[in-house]
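Residues per chain are reported as follows:
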Amino acid sequence: MVYAALLYLVVNVWLFILMGLDKKRSRQEQWRVPEKHLWLLAWIGGALGGVLGMKVFRHKTKHKAFAAGFPLLAAAHALLIGWLYMRFYT
């Protein structure tokens, strides 16, 4: 349980940092983080970090796929975590 929570935290922080880094690089017209990497991290549990990164850095907010997809994935992860908790820890 502790390892799963730590992994979840690391993936979310990682995606949050990548969102900020990608925003900085977009302003400087440098190499960007591929969108498929952002989506991969979101799917494996980092969607909440992606949502927070979108809000804090105001990044990818005009992309409908990100603006709708990251919050939906974060909600799905929350439901899954809640279900797993109820199933195995109550």
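See the structure above.
Residues numbered from 1 in each chain as written. Predicted model: local features only at pLDDT ≥ 70, side-chain atom pairs only at ≥ 80, totals over all residues. Heavy atoms only, no water.

Before going further, it helps to spend a moment on the overall build of the protein chain. Regarding its fold elements, the protein chain presents three helices and zero strands. Across the protein chain, helices and strands are ordered from the amino to the carboxyl terminus as α-α-α. Burial status across the protein chain gives 31% buried among its 90 residues. Taking all contacts inside the protein chain whose residues are at least 6 apart in sequence as the whole, residues at least 24 apart take part in 70%. Accessible area for the protein chain stands at about 6,500 Å²; split by element, carbon and sulfur atoms hold 70% of it. (Helix = DSSP H or I, 4+ residues; strand = E, 2+ residues; numbered from the N terminus. Buried < 20%, exposed > 50% of the residue type's maximum accessible area, 1.4 Å probe, protein only. Contact = heavy atoms within 4.5 Å. Areas by Shrake-Rupley, 256 points an atom, 1.4 Å probe, with all protein chains shown as cover.)

Next up on the list: helix α3 (residues 64–89). For α3, with 26 residues, the first-to-last C-alpha span of 37 Å sits near the 38 Å given by 1.5 Å per residue. Inspection of α3 places F66, G69, F70, L73, A74 and H77 among the buried residues, and these make up the whole buried set. (Expected span 1.5 Å × (residues − 1).)

Our next topic: the packing of aromatic side chains. Summed over the entire model, instances satisfying the criterion amount to five aromatic pairs. Taking the centre distance of 5.0 Å and the plane angle of 45° together, the rings of F16 and F57 count as tilted. Taken together, the positions of F16 in helix α1 (residues 2–27) and F57 in helix α2 (residues 35–57) put the pair 41 residues apart, joining distant regions of the chain. Exposure remark for F57: the relative accessible area of 26% places this residue in the partly exposed category. (Phe/Tyr/Trp six-rings, centres within 6.5 Å; stacked < 30°, edge-to-face > 60°.)

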